[in-house]
Amino acid sequence: MLNTGLLKFFAQSLAGVMLLTAATVALEPINPAMAQSAAGTRIRSSYALGGGDRIRVNVFEVPEYSGEYVIPPGGSINLPLIGSVTVQGLTTEQAADAISTRYQRFLRRPIISVNLLSPRPINVFVAGEVTTPGAYTLRLEGGAGQDPGIQYPTVLSALTTARGVTLSADITQVQLRRRISGGRQQVVNLNLDDLIKTGRSSQDITLRDGDTIFVPTSRNFDIARARNIAAASFSADTTQPRTVAVVGEVIRPGSYNVTSGTVQGGGTGDTGAPNISGQPTVTRALQLAGGITPQANVRNVIIRRPTRTGSEQIINIDLWQLLTSGDINQDVILQDGDTIVFPTATEVNPAEATQLATTTLSPAQIQVNVVGEVKRPGTVDIRPNSSLNQALLAA
């Protein structure tokens, strides 16, 4: 006697066989080490059909009953002869079995295959330290031709869609939250810093409809790690302008628009700051503000940075280390809304003041007023930390 089950197995298309051989991953615990992640990874038999999917139903040797369907929001499709069949939440293999069972009332030994032609997009929510938090619709790829596998979007693609993580982010504790059956929720912590350092794509796991990605605020700001974040592909775009305030012991305190290409002055009393190329860092903003005054304390510069949680990060930097030992990490890359404070030194070291006057932190020239018994009373331009005799000679 002919084994109809075996006949059905071999009669299905190559695509159906490929679906049968894949491992089921839906609703399994999320494990970064085991999760599907790489850009070319295909998720096959685990895909659950739903509203918006476009499928093809093939009825073997009965082409008039075959056809393509877009699954409506309710999850049921209307098929010839048998009417409405619910495929919501089923894999393509399960849907084929359900349709076959219905056709057995009218057809002898029906052989059915269901192929996914075009998957529906998935909806995810991205929150926390990203440039633009909110809900996003991400498209899936694949599902056609001889390879019916589906390529899901990943955590990194969702972060990129949200315009990248901010420099205040703690990328070692990114959370992926996923609802599963019974109203329960799975939560996994992802270390994207490990992904940057080692390239381990297991941290970039694939997403499912309804997932939430939360990027927490860093409790302890690490200036070296912040530079690594800024260079990452999932970071906020450094070419986007950021508005910062520069206050304290600077020549022109005020608000400035800083970009990675050129920066333009706009502070109070601006007299035409030059265009400056490079990363949008503290020293770039300082140059727009005209440089430091002789009373500035460059060892204890403070950046006050607002976070997405409504709190404020306090970042302490030492520009003296930048000048004397070349510690580039002290030249922190700025973020929109930063306030840079140059405090007043409680004690001025004449030797250090003279050295600072020859650096780019100080203005190339300062203006002083010379009055009294001189040939040309008035304002003269001299270099910072010039002597009284030099000012008199300039007058």
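Our subject in this report is the structure included herewith. Residue numbers run consecutively from 1 along every chain, following the written order of its sequence. Only residues with pLDDT of at least 70 are given local features in this predicted model, and only at 80 or more are side-chain atom pairs given and counted; all residues enter the totals for whole chains, interfaces and linings. Each side-chain value is worked out from all heavy atoms of the structure, with water and hydrogens disregarded.

1. Comments concerning the overall build of the protein chain
For step 1, the next point in the chain: Working definition: helices are DSSP H or I runs of at least four residues, strands are E runs of at least two. Numbering for both runs from the N terminus. On a plain count of helices and strands, the protein chain comes out with ten helices and 21 strands.
For step 2, the next point in the chain: Here the Shrake-Rupley method, with its probe set to 1.4 Å, supplies the accessible areas, and only the displayed protein chains count as covering residues. For the protein chain, the exposed surface amounts to about 19700 Å²; the carbon and sulfur share of it is 50%.

2. Structural notes on the packing of aromatic side chains
For step 1, the next point in the chain: Any two of the Phe, Tyr and Trp rings considered here, Trp counted by its six-membered ring, make a pair once their centres fall within 6.5 Å; the pair's planes then place it as stacked at under 30 degrees, edge-to-face at over 60, or tilted in between. For the coordinates displayed, the defined rule picks out one aromatic pair.
For step 2, the next point in the chain: Look at Tyr-65 and Tyr-103: their rings are 5.8 Å apart centre to centre, the planes differ by 10°, and that puts the pair in the stacked class. Of the two residues, Tyr-65 sits in the loop between strand 1 (54-59) and strand 2 (67-70) while Tyr-103 sits in helix 3 (residues 92-103), which places them 38 residues apart along the sequence.

3. A few points about the nonpolar core
For step 1, the next point in the chain: Core analysis: the largest hydrophobic core is formed by 53 residues, its most contacted members being Ile-99 and Leu-159.
For step 2, the next point in the chain: Contacts are residue-level and defined by heavy atoms, with any inter-residue pair within 4.5 Å sufficient. Ignoring sequence-local partners within four residues, the contact set of Leu-159 consists of Val-126, Val-130, Gly-164, Val-165, Leu-192, Ile-213, Val-215 and Phe-234.
For step 3, the next point in the chain: Counting residues in each nonpolar core, the second largest holds 27 residues, with Ala-285, Leu-288, Leu-334 and Leu-361 among its members. Note on terminology: a nonpolar core comprises buried Ala, Val, Leu, Ile, Met, Phe, Trp, Tyr and Cys residues joined through side-chain atoms within 4.5 Å. We call a residue buried when its accessible area falls under 20% of the maximum for its residue type, exposed when it is over 50%, and partly exposed in between, using a 1.4 Å probe and counting protein chains only.

4. Notes on the sheet that holds strand 1
For step 1, the next point in the chain: Note: two strands are recorded as paired if DSSP finds a minimum of 2 bridges between them. A sheet is described by the order of its strands in space; here three strands give the open sequence 2-1-5, paired in antiparallel fashion. Edge positions in the open sheet fall to strand 2 and strand 5 (112-118), since each of these has one partner strand only. Looking at each pair of strands side by side, their axes are set apart by 25° on average, direction ignored.
For step 2, the next point in the chain: Note: strand 1 against strand 5, six bridges, orientation antiparallel. Counted as the bridge partner of Val-57 is Val-114 from strand 5.
For step 3, the next point in the chain: Think of each axis as a best-fit line through the C-alpha atoms, taken over the contacting stretch in the case of a helix, with angles from 0 to 180 degrees between the N-to-C directions. Helix-sheet contacts for helix 3 involve strand 1 and strand 5, and the interaxial angle to strand 5 is about 135°.

5. Comments concerning the sheet that holds strand 13 (residues 242-248)
For step 1, the next point in the chain: The strand order across the open sheet built from five strands is 14-13-19-17-18, with neighbouring strands paired in mixed fashion. Across the chains shown, the open sheet's two edge strands, defined by having one partner strand only, are strand 14 (254-258) and strand 18 (312-317). Across this sheet, the average inter-strand angle for adjacent strands is 25°, counted without regard to direction.
For step 2, the next point in the chain: Sheet topology places strand 17 (residues 301-306) next to strand 19 (residues 339-342); three bridges connect them, and they run antiparallel. When the bridges of strand 19 are listed, Ile-303 appears paired with Ile-340.

6. Remarks on the side chain of Thr-293
For step 1, the next point in the chain: Within the secondary structure, Thr-293 sits in the loop between helix 7 (282-288) and strand 17.
For step 2, the next point in the chain: Take Thr-293: its relative accessible area is 13%, and that puts it in the buried class.
For step 3, the next point in the chain: Discounting residues that sit within four places of it in the chain, Thr-293 has contacts with Glu-249, Val-250 and Ile-251.

7. Some thoughts on unusual backbone geometry
For step 1, the next point in the chain: Phi is positive for Glu-61, which is not a glycine, with a value near 65°.
For step 2, the next point in the chain: In this structure, Glu-61 sits in the loop between strand 1 and strand 2.
For step 3, the next point in the chain: In the Ramachandran plot, Leu-81 falls in the positive-phi region, its phi being about 75° despite a non-glycine side chain.
For step 4, the next point in the chain: Among the secondary structure elements, Leu-81 is positioned in the loop between strand 3 (76-79) and strand 4 (83-86).
For step 5, the next point in the chain: For Leu-81, a relative accessible area of 45% translates into the label partly exposed.

8. Some thoughts on the pairing of strand 4
For step 1, the next point in the chain: When strand 3 meets strand 4, the two strands line up antiparallel, connected through four bridges. Bridging from a neighbouring strand, Ile-77 pairs with Val-85 of strand 4.
For step 2, the next point in the chain: The antiparallel pairing of strand 3 with strand 4 creates a hairpin that spans three residues between the two strands, and Leu-81 there sits at a positive phi of about 75°.

9. Thoughts on the pattern of salt bridges
For step 1, the next point in the chain: Basic side-chain nitrogens of Lys or Arg form a salt bridge, by our definition, when they fall within 4 Å of a carboxyl oxygen of Asp or Glu. Evaluation of the coordinates by the stated rule reveals eight salt bridges.
For step 2, the next point in the chain: Here Asp-211 ties to Arg-178 by a salt bridge, and the two come within 2.8 Å at their closest N and O atoms. Separated by 33 residues along the polypeptide, Asp-211 in the loop between helix 5 (192-198) and strand 12 (212-215) and Arg-178 in strand 10 (residues 174-179) bring together distant segments of the chain.
For step 3, the next point in the chain: The class for Asp-211 is buried, based on a relative accessible area of 1%.

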